[in-house]
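The lines below spell out each chain.
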Amino acid sequence: MAFRRTATGLTAVLLTGGLLLSGTTAAQAESGPGVTVREAHNDWSNNGKLVLGLTAPSAVKDIRVSLYSMADSEVSTTLTRFELTSGTAEDGTWSNVGRIQLPALGSYRIDVTATDAGGDTLTATGVGYFYYSVQTNLKDAKVDRTTVDYDHRSVTISGHLMGQWPGSGVVTPMGGLTVAVNSRMEYAEVTTGVDGGFTATLPVTDIYQNSIVASFEYDPGHIFYSQSRSREFPITIKQTPTKVVQTPSTRKVPFKGVVESTDSTLLWKSPTGWQPLAGKRLGSNSFPDYVQLTTDANGTVRFPATAPLWNNYTISSGWSSDDVFLAGSSASSEITVVQPAAFQEFAATRTDAASVEVTGRMAFDGHMTPGTIAVDIQYSATGKGGWSTVATAPSATWNGQGYAFSATVAKTGAGFWRASFSNTPQWEKAVSKTVQVAAL
C-alpha cells in the first residue's frame, strides 16, 4: 500500500549522534568483562515500560536507570525497581515495575548502573533511548461493505483514533488529528472529531483496487504520537456481465468473396434484463485492419466488408470495458470460404457389351485441395434427368496436369454418363460434361 504523505518512523526521526536504539558498543566496551548491556529500549507492546538486557558473571543484584531528557539536559527520573521478565539473572531481560512517570512526552537517554553478586559494577551513559510517547491505535475501524458492484461503487471506512498515554496507561480519544485512508490510487485525509471518530468514502475506480486501510501517519506536529494502522479490509469487485451479439451478412462466401457487413450489438445485464450499451467503442477484425466503431442508441455498430477471403475466416468483435463494474465481452463467427472445384475432362467408352470405362480429371484452383477426392459416376437413360450414382472412383490422384480418376462400370444398355463431385461444404459441387454411350 503506497502512502502519499512522506512518513518516517518515530524512532528513525529521534535517532541522534549515531546512537542505536539497542544501546552502544561504547557502553559495552567500558564495562570490560563484567556487567554488560545487551539492549535498552522501549517495550514496543507497552509504552510505559522499558526493556533492559543485561549479562553478568554472576547474578545481577542492583539496577539503577536514569532517564536523561534530550529536551532540557536534565535527569527526569531514576528507576530502581526492576523485575526479570525472561532469561536468568546472569543473562536476562529486565523491565521496570509499574509504569514510567515522566514530566513530558519526548526522547530520553538511558543511563544504566548495575551491580552483580560478585561485585562487578557497570556505569554506562547513553546505552539507548526511551521514547515517552502516546501509543495510538485504529482497532475499531470498519467498512460498510467489502463487495462493490454496479450500483454500489464506493467503500466507506470509519472508526476512532485512540491513544494510550504512557504514564497512566489510560486510553483516550485523539481528536483533531489527521487519518489517511488509502485504496490503491484512491486516497483521502480526514480530521478526527472530539471523540476520535473519522469517516471517509473512497470510490472504487480500478479493477486491482482490492483493499482499503486507514492509518495515522507520522505527524511532525505530534512526533511523540506513534503511527498506527487499521487492519486492511479486502475489496471484491463484482462485475455485471455483458455480451456481444454478432451477425455477419453471410456465413459462407465463394473463394475470394467478401462478407459485405457485420452487425455487432453490445448488451449489459441490467436488473430488468439485457439492455443495449450506447456510446461504447467496439473493435473488430472484419476490415483488413483492426477498426473500432461507436455503438448507437441500440448498442449496435455495423462493420464494413472484409477483405477478399481465400480461406476459412473468423470474424471477431469485442468490447474492452471502460467501466470497472462491467465485464468486457466478445463474439466470433466462423466464415466458410467455398473452394473452387471443376472437371477438366470426362470420357465414357464401352469396352464390351457389359462394361463401360470412364475416365476424367479434376482441378482445384483455390487455396486448398481435399484430402480425399471421391468422384461419383452417374448414369441416366435419357440424359435429361433421373441420374443415379452407379459407381464411385474413391480417390483422384495428381497426374501432373490435374487430379485423375477412372472406373469400370458394368452396364449393358445405351445411355448417358457424367461425373459428379460433392465432397463437403468446403468445396463447390461440380458436374462434368455428359457423354452418350451406345449399346453393343
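Everything below is about the structure printed above this text.
All of the points below concern the structure found in this document. (Residues numbered from 1 in each chain as written. Predicted model: local features only at pLDDT ≥ 70, side-chain atom pairs only at ≥ 80, totals over all residues. Heavy atoms only, no water.)

This part covers the sheet that holds strand β27 (residues 291-294). Strand order in the open sheet made by the 5 strands is β23-β30-β29-β26-β27, with mixed pairing throughout. This sheet does not close on itself; its edge strands, each paired only once, are β23 (252-254) and β27. Ignoring which end each strand starts from, the neighbouring axes of this sheet average 25° apart. As judged from the 4 bridges shared by strand β26 (residues 281-284) and β27, these two strands associate in the antiparallel manner. Each residue of the ladder has a partner; that of Gly283, found in β27, is Gln292. (Pairing = 2+ DSSP bridges. Helix = DSSP H or I, 4+ residues; strand = E, 2+ residues; numbered from the N terminus. Axes fitted to C-alpha atoms, helices over the stretch in contact; angles between N-to-C directions.)

The strands that make up a sheet are held in pairs by hydrogen bonds between backbone atoms, and each pair lies either parallel or antiparallel. Reading across from one edge, β10-β12-β17 is the order of the 3 strands in this open sheet, with antiparallel pairing throughout. In this open sheet, the two edge strands, each paired with only one partner strand, are β10 (142-143) and β17 (197-203). Note that β10 and strand β12 (residues 154-160) share 2 bridges and pair antiparallel. Note that in β12 the partner of Val143 across the bridge is Ile157.

This paragraph deals with the packing of aromatic side chains. Applying the stated criterion across every chain yields a total of 10 aromatic pairs. Ring plane angle 85° and centroid distance 6.2 Å describe the contact between Trp165 and Tyr225, whose orientation is recorded as edge-to-face. In this pair, Trp165 is assigned in the loop between β13 (162-164) and β14 (171-173) and Tyr225 in the loop between β18 (211-216) and β19 (228-229), connecting sequence segments 60 residues apart. Summarising the aromatic geometry, the rings of Phe364 and Tyr403 are spaced 5.7 Å apart at their centres and angled 70° between planes, so their arrangement reads as edge-to-face. Separated by 39 residues along the polypeptide, Phe364 in the loop between β32 (355-363) and β33 (375-380) and Tyr403 in strand β36 (residues 403-410) bring together distant segments of the chain. Judged by its relative accessible area of 10%, Phe364 falls in the buried class. Just above the ring of Tyr150 sits the side chain of Arg153; from NZ or CZ to the centre is 4.7 Å. (Phe/Tyr/Trp six-rings, centres within 6.5 Å; stacked < 30°, edge-to-face > 60°. Buried < 20%, exposed > 50% of the residue type's maximum accessible area, 1.4 Å probe, protein only. Lys NZ or Arg CZ within 6 Å of the ring centre and 35° of its normal.)

Everything listed here is a matter of coordinates, which is why it stays silent on function.
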